[in-house]
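Residues per chain, in single letters:
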Amino acid sequence: MKRLLLPVSILLASGAHLAHADLSANGNANASAQNTQQGQPTLNLYVDRKTNQVFTEPGTNRVKLGTFEPVTEEVKRSSKAQPSTSTASKAEVTNKGLVVSSENGDFTMNIGGRIHADSTTHINDDLLKRSNGNPAEAVSGTELRRARLALRGKFNRDFSYNIEADWGGNSVSLKDVLVAYDATPNLEITVGNQKHSVSMEVEESSNDIMFNERSLLSALTLPHFDRAMGINVKTMGQDWSLKGGVYGDAVSASGNGADEGGGFGARGTFAPINAPGQLLHLGASFGLRKANDNNSLSNGKTPRLRYETSNMSDLYLSDTGSIPGFEEIQLTGLELAAMHGRFSAQAELGQADIQRDGGSDLRFNAHYLQLGWTLTGEARNYKGSEGEFKMLKPRNNFDPSQNHWGAWELALRLDELDLKDDDIQGGGQQRVSLNLNWYLNPNLRILFGYSRAYDVESGPLIQNNGSEADNVDVVAFRAQMAL
């Protein structure tokens, strides 16, 4: 009898219309197969024991299956109301790139990326190296600063992934390569190559910061506290976040004959005021990074602190050089940010303490204050669960036919760096930066930047007349596309 169930199931699944069609076709041959129950025609079905074929007439070796009724209109309507069990996926192009998702949304794939095309020009950069008197001049010109392709998405509802490669600077490197698990709505665990949990400025994406280059504070934070392989745990709410992790070496490290170094980072943020256009942000972070047995840090970097005037300039007005006896660096940071409508402010103070073997410990510090003013009236976007600003979104996208010109933003930053302590004289400097940023739409913006380094002292470079390398100007331009 099990063999009889297959044709029966197939016939039943074909629906009432097939049954009604068979009834019409065989009605004259077997009138007894038709009955009337409550005004609805019925159909008697028989199955052949040897061939398993289904018939509408009785016969030799045929067993009656039963009498069947067509589906009523009421049942049809009820069937249509049931949720679909289709597994079809959908694909669409949005301002996040190409997005493919399953019908129930448990599986998604997003292909996006970013392009940052830069041009920089230096003024008053005809300098000399203090150590040997050789000429030192900044490299000015154009470059593809970042050219990243990102594959992001989620699977099995609670897991997400991000794989991002960068072709900028005529080389290939890996950035975020990670898998995250949303254990609860307020708890996330991330494993892979990712940023250390330190500093608001480090955590903010290069797509979102208001200036062409990060502040002088990044001389303390990068590259020692940038991306590395590790595990990070974050708990958060709408107005707060607390995250921390342990990290090994960067995913792109090639190895240098010694066990890799390691470290950890932790950062907490709280926004007692967090409403559209209104913000008060408080934050603090702490990071530690140990050198390996070859006295190198993450990704084989030599233990040193320095700041380059632009990404391609190869000009360092402040540079400690290789720090002998380096064992570990500890970074402590404090954050403060506020926003009122179109006005915003952000500040950080960082201190790096370096422990050495065979030498005195060192202490360096840096800080910045930046102010933003949106000329077209929009407020910046802030994400409380991350404790960071996101890119400004124009109220009206660029469309000359509608007399819409996007959003315009004016930003001012003052920052200072001190890399002088004991036998390490890496120099100090102050800098002022001014940016005019044009946001054409949520995916495209253009940055016009100017900065001047001043009060430079005890650095590795001097002017031709022997005085300090003061008043070095940088004019920068960037066209940015991000999905």
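Caption draft 1: View of the overall build of the protein. Tallying secondary structure elements over the protein gives five helices and 30 strands in all. Counting the 483 residues in the protein, one finds 44% classified as buried. For the protein, the share of sequence-separated contacts (at least 6 apart) that also reach a separation of at least 24 residues comes to 60%. Carbon together with sulfur atoms contributes 54% to the accessible area of the protein, which is approximately 23,700 Å² in total.

Caption draft 2: Up close: the pairing of strand β27 (residues 424-441). Bridge count for strand β26 (residues 407-421) against β27 is 14 bridges, and the pairing is antiparallel. Across the sheet, the residue bridging to Asp 421 is Ile 424, located in β27. The antiparallel pairing of β26 with β27 creates a hairpin that spans two residues between the two strands, and Asp 422 there sits at a positive phi of about 55°. Two elements, β27 and strand β28 (residues 444-457), share twelve bridges in a ladder whose sense is antiparallel. By the bridge assignment for β28, Tyr 439 is matched with Arg 445.

Caption draft 3: Looking closely at the sheet that holds strand β3 (residues 43-48). Pairing within the open sheet is antiparallel, and its three strands lie in the order β4-β3-β5. Looking along the sheet, the strands with just one partner apiece sit at the ends: β4 (54-55) and β5 (62-68).

Caption draft 4: Quick peek at a nonpolar patch on the surface. Together, Ile 123, Leu 369, Leu 371, Leu 412, Leu 414, Leu 434, Tyr 450 and Val 475 give the surface a local cluster of nonpolar side chains, amounting to about 630 Å² of exposed area. At the level of elements, β23 (362-374) and β26 are the ones that each hand at least two residues to the nonpolar patch. Along the chain, Val 475 falls in strand β30 (residues 472-482). Judged by relative accessible area, Val 475 falls into the partly exposed class, the value being 40%.

Caption draft 5: Quick look at the side chain of His 116. Within the secondary structure layout, His 116 lies in strand β8 (residues 108-123). Assessed through its relative accessible area of 0%, His 116 is described here as buried. At 2.9 Å, the side chain of His 116 and the side chain of Asn 207 are in polar contact. If we skip the residues at most four places from it in the chain, His 116 touches Glu 143, Leu 144, Arg 145, Arg 146, Ser 206, Asn 207, Arg 478, Ala 479 and Gln 480.

Caption draft 6: Focus on the packing of aromatic side chains. For the coordinates displayed, the defined rule picks out ten aromatic pairs. Ring plane angle 35° and centroid distance 6.2 Å describe the contact between Phe 155 and Tyr 161, whose orientation is recorded as tilted. Considering the side-chain rings of Phe 264 and Phe 286, the 5.9 Å spacing of their centres and the 45° angle between planes classify their relative orientation as tilted. With Phe 264 in strand β17 (residues 262-275) and Phe 286 in strand β18 (residues 278-290), this residue pair connects regions lying 22 residues apart in the sequence. The exposure class of Phe 286 is partly exposed, given its relative accessible area of 28%. When the ring centre of Phe 55 is taken as reference, the NZ or CZ atom of Arg 62 above it lies at 3.7 Å. The lysine or arginine in question, Arg 306, covers the ring of Tyr 316, its NZ or CZ lying 4.1 Å from the ring centre.

Caption draft 7: Region of interest: the environment of Gly 262. Relative to the assigned elements, Gly 262 resides in strand β17. For the pair Gly 262 and Asn 292, spaced 30 residues apart in sequence, the C-alpha to C-alpha distance is 7.8 Å. Apart from residues no more than four positions distant in its own chain, Gly 262 is found in contact with Tyr 247, Gly 248, Leu 288, Arg 289 and Lys 290.

Caption draft 8: A look at unusual backbone geometry. For Asp 314, which is not a glycine, the phi torsion comes out positive at approximately 55°. Tracing the backbone shows Asp 314 in the loop between β19 (306-308) and β20 (316-319). Note on Asp 314: relative accessible area 55%, which makes it exposed. Phi at Asn 403 is positive, roughly 60°, even though this residue is not glycine. Mapped onto the fold, Asn 403 is located in the loop between β25 (388-390) and β26.

Caption draft 9: How the structure looks around the side chain of Arg 114. Tracing the backbone shows Arg 114 in strand β8. In terms of polar contacts, Arg 114 uses its side chain to reach the side chain of Ser 205, at 3.4 Å. Side chain to side chain, Arg 114 and Ser 206 meet in a polar contact 2.8 Å long. Beyond its immediate chain neighbours, meaning those up to four positions away, Arg 114 contacts Arg 146, Ala 147, Arg 148, Glu 164, Ser 205, Ser 206, Asn 207, Met 481 and Ala 482.

Caption draft 10: Looking closely at the nonpolar core. Grouped together as the largest cluster of nonpolar side chains are 23 residues, with contacts concentrated most on Leu 220, Leu 305, Phe 326, Ile 329, Ile 354, Phe 364 and Leu 417. Of all elements in the fold, only α5 (218-221), β21 (326-340), β22 (343-356), β23 and β26 reach the threshold of two or more residues within this core. Per-element accounting of this core gives the leading share, four residues, to β23. Among residues more than four places away in sequence, those in contact with Leu 220 are Phe 225, Leu 305, Ile 329, Leu 331, Gly 350, Gln 351, Ala 352, Phe 364, Asn 365, Ala 366, Leu 417 and Leu 419. By size, the runner-up hydrophobic cluster in this structure holds ten residues, among which are Ala 136, Ala 138, Leu 315 and Leu 317.

What counts as what
- Residues numbered from 1 in each chain as written.
- Predicted model: local features only at pLDDT ≥ 70, side-chain atom pairs only at ≥ 80, totals over all residues.
- Heavy atoms only, no water.
- Helix = DSSP H or I, 4+ residues; strand = E, 2+ residues; numbered from the N terminus.
- Buried < 20%, exposed > 50% of the residue type's maximum accessible area, 1.4 Å probe, protein only.
- Contact = heavy atoms within 4.5 Å.
- Areas by Shrake-Rupley, 256 points an atom, 1.4 Å probe, with all protein chains shown as cover.
- Pairing = 2+ DSSP bridges.
- Patch = residues over 30% accessible without salt bridge, like charges linked within 9 Å, V, L, I, M, F, W, Y side chains within 5 Å.
- Salt bridge = Lys/Arg side-chain N within 4 Å of Asp/Glu carboxyl O.
- Polar contact = N/O pair within 3.5 Å; in protein donor to acceptor, adjacent residues only side chain to side chain.
- Phe/Tyr/Trp six-rings, centres within 6.5 Å; stacked < 30°, edge-to-face > 60°.
- Lys NZ or Arg CZ within 6 Å of the ring centre and 35° of its normal.
- Core = buried A, V, L, I, M, F, W, Y, C linked by side-chain atoms within 4.5 Å.

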